[in-house]
Structures are given as C-alpha cells and as structure tokens.
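So the chains spell out like this:
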Amino acid sequence: TRPELFPEQIVRSTSRALVASAPALLVLAGLGLRAYQLGAESLSEDELNKVRAVAEYRERGLRPANGDHRFLMRALLTVSISAADAWNASAAARQNPSRQISTEAAARLPGALLGALTSVLIFLLAAELFGFEVGLIAAALWALDPTAVGFNRIAKQDSFLVFLLLLAKVFWLRGQRVAEEGTRRPEPFYWAAAAAFGAMMASK
C-alpha cells in the first residue's frame, strides 16, 4: 500500500506550491490589467516616432542612422508589430475583424508584458533579502499599482530599463549566494548579470 504523507511533507508540498503559484498569479493579474484594451488610446507623439522607426526597420533594415541607443526596445516593437500584421493577415482575423490587433496594442504589448514579469523579479529580490512574505507583498504592490500599470501601458523604454536592471540584480545576487555556499561556480551568474546590464543600456 502507498504510505501516507507525513504532516511535515504536506506542509513542504504546500509551501512549494504556494511559492510557485503566487508569483505566477500576480503576473497573470498584472498582465490582465496592463493588456486590457491596450489599443483603446491613440498613439502619443513619442510612441508614433517609435512606430515610424519600426516601419523604417522593416523597410530598409538596420542602418547607422537608425541603430541608436534604444535599438533593443525598437527591435522588440518590430517583432510585436510584425507578428500582429501576420495575425491580421490570417484567415481567422479576416473572417472576424474584431479579432484583429491594432498597431497601438502591438506597439505597447512588449512593455506591458515586461511590466507584468517585473513582479517576478521584485518577488525574487525581496524574498531573498527580506523573506517570502515581504517579497509577495512587494510583487503584489507592483503588479496591481495603478501608477505602475498605467506606465507599463505606454510604449516607453523605461519599462524595459526597470525589467533588465532588476534582472541584472537577480543574477548578481544569485551569483553572490552561490559564491558564499561554494556549491557552484558563480561566474555564469556574473556574466548573465553583465549581459542584462548591457541589454538595459541598449534599451535606454
């Protein structure tokens, strides 16, 4: 017969499930708030300039004149807008025009997605430094805060910068922890932190 789980095993299983599910639920909630009617408002002047840069990328490719310091953000916008155009050209979208994705929504989607995923990075950092409960509260504040939600709904490079900066900090902190424990080589985490920092510079 299958042995019953001991109470402490049940507690550990519940704790692992909570640790895995709570940040995921916050990401889904944050993404829902950030993506709801994302294309309802028209493009601002700054967003319109980014969409024009995307059009130039798609028409002429990457050139010295348009490969400026915000290239990473514009590259992600190019992928998003190209995917939206491909979806709009599909049969499903043609048969149901209401399912088409607007240029406004496609341009803002990368920032909204990274803004929602920032909750995970905040959770990891705060939980490592101050404990699980503080990490969960901090992640919830970011995921549900109206100011953060509104800012991530705009195609601005600051959403990319915050995400990549926190990602670099997560890798660096993990490298420090591994170095203290002596279980693994910390250099891969340091290189990952450097790559995230470089990507942050390329987005801002």
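Please refer to the structure placed before this passage.
Residues numbered from 1 in each chain as written. Predicted model: local features only at pLDDT ≥ 70, side-chain atom pairs only at ≥ 80, totals over all residues. Heavy atoms only, no water.

Visitor: Mind showing me how you'd approach the layout of surface pockets here?
Guide: In this approach, a probe sized like a water molecule rolls over the atoms, and the result shows the empty space that is left. Roughly 160 Å³ of volume is contained in the largest pocket. What lines the largest pocket is simply L124, L125, E128, V170, L173, R174 and R177. Broken down by secondary-structure element, the contributors of at least two residues to the lining of the largest pocket are α5 (103-130) and α8 (157-181). Sorting elements by how many residues they give to the lining of the largest pocket places α8 first, with 4 residues. Across the lining of the largest pocket, the residue classes tally to 4 nonpolar, no polar and 3 charged. (1 Å grid on protein atoms, 1.4 Å probe; cavity = no way out; pocket = protein on both sides within 12 Å on 5 of 7 lines; lining within 4 Å. Points joined across faces, edges and corners; volume = space filled by probe spheres on them. Helix = DSSP H or I, 4+ residues; strand = E, 2+ residues; numbered from the N terminus. Nonpolar A, V, L, I, M, F, W, Y, C, P; charged D, E, K, R; others polar.)

Visitor: What exactly am I supposed to notice about unusual backbone geometry here?
Guide: What you tend to see is this: most non-glycine residues have negative phi, and most peptide bonds are trans. Phi at Q37 takes a positive value of approximately 50°, unusual for a residue other than glycine. Topologically, Q37 is positioned in the loop between α1 (7-35) and α2 (45-60).

Visitor: Hey, could you run me through the packing of helix α3 (residues 71-88) against α5 in this one?
Guide: Packed helix pairs are characterised by how far apart their axes lie and by the angle those axes make with each other. Remark: α3 packs on α5, axes separated minimally by 8 Å, with the N-to-C direction vectors making an angle of 135°. Accordingly, the angle class assigned to the pair α3 and α5 is oblique. By crossing handedness, the relation of α3 to α5 is classed as right-handed. Residues L76, L77, S80, I81 and A84 of α3 lie in contact with α5, whose contacting residues are A106, A107, L109 and P110. Residue composition of the contact of α3 with α5, by class: 8 nonpolar, 1 polar and no charged. (Axes fitted to C-alpha atoms, helices over the stretch in contact; angles between N-to-C directions. Parallel < 35°, antiparallel > 145°, perpendicular 65-115°, else oblique. Left-handed = near helix turned anticlockwise from the far one by under 90°. Contact = heavy atoms within 4.5 Å.)

Visitor: What exactly am I supposed to notice about the nonpolar core here?
Guide: One recurring pattern in soluble globular proteins is that nonpolar side chains are buried together. Counting 18 residues, the largest nonpolar core has L77, I81, L121, F160, F163 and L166 as the members making the most contacts within it. Secondary structure elements with two or more residues in this core: α2, α3, α5 and α8. By residue number, the principal contributor to this core is α5, which donates 6 residues. Sequence-distant contacts of I81, that is, excluding residues within four places in its chain, are made with V51, V54, R58, A106 and A107. (Core = buried A, V, L, I, M, F, W, Y, C linked by side-chain atoms within 4.5 Å. Buried < 20%, exposed > 50% of the residue type's maximum accessible area, 1.4 Å probe, protein only.)

Visitor: Looking at this model, I keep getting lost on the packing of aromatic side chains. Mind explaining?
Guide: Each aromatic ring pair is described using two quantities: the centre-to-centre distance and the angle formed by the ring planes. In this structure the tally under the stated criterion is 2 aromatic pairs. An angle of 90° between the planes, with centres 5.6 Å apart, marks the rings of F123 and F132 as edge-to-face. Relative to Y190, the ring of W172 has its centre 4.6 Å away and its plane inclined at 35°; by these criteria the two rings are tilted. Here Y190 lies in helix α9 (residues 187-203) and W172 lies in helix α8, a separation of 18 residues in the sequence. (Phe/Tyr/Trp six-rings, centres within 6.5 Å; stacked < 30°, edge-to-face > 60°.)

Visitor: Looking at this structure, how should I read the environment of A193?
Guide: In this structure, A193 sits in helix α9. Since its relative accessible area comes to 7%, A193 is described here as buried. C-alpha separation for the pair A193 and R174, spaced 19 residues apart in sequence, amounts to 9.6 Å. Leaving out residues up to four positions away in the same chain, A193 has contacts with A168, F171 and W172.

Treat this as a map of the structure, not an account of what it does.
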